[in-house]
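Coordinate analysis (summary)
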Amino acid sequence: MWWMLLFLIPAVCGFFAIRTGKYPFKVAVTGSCLGLMILLGGTAVFRQGYWILLALLASLAGDYFLSHLDRHKHGYLCGIGAFFVAHVLYCVYAFSHMEAGNIWGWCIAGAVLAGYLFYFFRFVFGSAPKELRWAALAYLVVSCASLAGGLLIALPLAAKILYIAGIISIIVSDTMICENDFCHHPQTKAWILPLYYACHILLSIALLLYLR
């Protein structure tokens, strides 16, 4: 398991991205995760993990738009769209490796979705910009679908735990974005990037544990 130490690279890049706010460091987090998966997973990554690779590439597109809102009139909406695509790809990967007969996974994901729908319509919908409301709702639903996929995915135990932890990290990160951007609770901002970067690191390690 020595290779896990190599994921200190994206962790260090994430540290500097958070401290400096510089876009190249943000790219380096996800980019180094992609590079490590290809380096350590070899051709197996392209045969069995290409949906995750594509999801991280979609996330890079989302990073670009949200980091350059001043350059793009609809940058926020494009960012949501890119991350929506990433979640769809996570779902495709997870449901293509689904464990049959896992009723509890569906029940937990359904309960989380119900809770988030209440939260969204009670606290977020009215305060979010009109042009973002329905996109944010669609993103919320696909995020919960990603969680369902994680709960249902048939992976070795350690890989499954890390995969679920990665999906939970991005869902909580997105919740902190809602709290900061729409509900005006700036104290939540500090959690956004650490959890987002943790998602990519955890998912990358989970995939490699499965492949190796």
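Treat the numbers as computed from the prediction; the structure is a model and nothing was measured.

**Some details on the overall build of the chain**
Along its length, the chain carries 9 helices and 0 strands. Secondary structure elements of the chain occur, N-terminal to C-terminal, as α-α-α-α-α-α-α-α-α. The C-alpha atoms of the chain give a radius of gyration of 17 Å, which matches the 17 Å a tight globule of 212 residues would have. When the backbone C-alpha atoms are referred to their principal axes, the chain occupies close to 45 × 45 × 25 Å. Taking all 212 residues of the chain together, the buried fraction comes to 49%. Considering only intrachain contacts with a sequence separation of at least 6, the fraction spanning at least 24 residues in the chain is 72%. Just so you have it, the chain exposes about 10400 Å², and 73% of that area is on carbon and sulfur atoms. In the chain, the 12 positive side-chain charges and the 7 negative ones have mean positions that sit 4 Å from each other.

**Description of the nonpolar core**
The nonpolar side chains of a soluble globular protein tend to be buried, and buried together. Membership of the largest hydrophobic core comes to 65 residues, with the highest contact counts inside it found for Phe-7, Met-37, Tyr-90, Val-124 and Tyr-163. With 11 residues, helix H9 (residues 192-211) is the single largest residue contributor to this core. When residues no more than four places from it in sequence are discounted, the contact partners of Val-124 are Tyr-119, Cys-178, Phe-182 and Cys-183.

**Topic: the side chain of His-200**
One can find His-200 in helix H9. With a relative accessible area of 1%, His-200 lands in the buried category. The contact partners of His-200, leaving out residues within four places of it in the chain, are Thr-30, Cys-33, Leu-56, Ser-59 and Tyr-90.

**A look at unusual backbone geometry**
Its identity as a non-glycine residue notwithstanding, His-184 has a phi of 60°, on the positive side. Its place among the elements puts His-184 in the loop between helix H8 (157-181) and H9.

**Topic: the packing of aromatic side chains**
How two aromatic rings sit relative to each other is set out by the distance from centre to centre and by the angle between their planes. Within this structure, the stated rule accounts for 17 aromatic pairs. Relative to Trp-51, the ring of Tyr-50 lies with its centre 5.0 Å away and its plane at 45°, an arrangement referred to as tilted. Residue classification places Tyr-50 among the partly exposed residues on the basis of a relative accessible area of 35%. When the centroid spacing of 5.2 Å and the interplanar angle of 70° are considered together, the rings of Phe-125 and Trp-134 count as edge-to-face. Note on Phe-125: relative accessible area 19%, which makes it buried. For Trp-134, a relative accessible area of 55% corresponds to the exposed category. Pairwise contacts between aromatic rings join Phe-120, Phe-121, Phe-125 and Trp-134 into one cluster. One residue, Arg-133, lies across the ring of Phe-125, its end atom 5.1 Å from the ring centre.

**Some words on the pattern of salt bridges**
Under the definition given, this model contains 1 salt bridge. Lys-160 is the partner of Glu-99 in a salt bridge, and the nearest nitrogen-oxygen pair spans 3.3 Å. Pair noted here: Glu-99 is in the loop between helix H5 (75-96) and helix H6 (103-124) and Lys-160 is in helix H8, with a separation of 61 residues, a long-range link.

**Here's the deal with the confidence of the model for the chain**
A low pLDDT means the predicted coordinates there should not be read in detail. With 100% of its residues at a pLDDT of 70 or more, the chain has an overall mean of 94. Within the chain, the element-level pLDDT minimum falls on helix H3 (residues 43-48), averaging 91, and the maximum on helix H1 (residues 8-20), averaging 97.

**As for the packing of H8 against H9**
Between H8 and H9, the shortest axis-to-axis distance is 8 Å and the interhelical angle comes to 160°. Taken as axis vectors, H8 and H9 run roughly antiparallel relative to one another. You can see that H8 and H9 cross each other, and the crossing is left-handed. The class makeup of the residues in the contact of H8 with H9 is 21 nonpolar, 4 polar and no charged.

**With respect to the environment of Ala-55**
Among the secondary structure elements, Ala-55 is positioned in helix H4 (residues 50-67). A relative accessible area of 0% means that Ala-55 is categorised as buried. On a C-alpha basis, the gap between Ala-55 and Ala-82 in space is 9.1 Å, while along the polypeptide they are 27 residues apart. With residues near it in sequence (within four places) discarded, Ala-55 still touches Ala-86, Leu-89 and Tyr-90.

Parameters and conventions
- Residues numbered from 1 in each chain as written.
- Predicted model: local features only at pLDDT ≥ 70, side-chain atom pairs only at ≥ 80, totals over all residues.
- Heavy atoms only, no water.
- Helix = DSSP H or I, 4+ residues; strand = E, 2+ residues; numbered from the N terminus.
- Rg over C-alpha atoms; globule rule 2.2 N^0.38 Å.
- Buried < 20%, exposed > 50% of the residue type's maximum accessible area, 1.4 Å probe, protein only.
- Contact = heavy atoms within 4.5 Å.
- Areas by Shrake-Rupley, 256 points an atom, 1.4 Å probe, with all protein chains shown as cover.
- Lys, Arg positive; Asp, Glu negative; His and termini not counted.
- Charge placed at Lys NZ, Arg CZ, Asp CG, Glu CD.
- Core = buried A, V, L, I, M, F, W, Y, C linked by side-chain atoms within 4.5 Å.
- Phe/Tyr/Trp six-rings, centres within 6.5 Å; stacked < 30°, edge-to-face > 60°.
- Lys NZ or Arg CZ within 6 Å of the ring centre and 35° of its normal.
- Salt bridge = Lys/Arg side-chain N within 4 Å of Asp/Glu carboxyl O.
- pLDDT = per-residue confidence, 0-100.
- Axes fitted to C-alpha atoms, helices over the stretch in contact; angles between N-to-C directions.
- Parallel < 35°, antiparallel > 145°, perpendicular 65-115°, else oblique.
- Left-handed = near helix turned anticlockwise from the far one by under 90°.
- Nonpolar A, V, L, I, M, F, W, Y, C, P; charged D, E, K, R; others polar.

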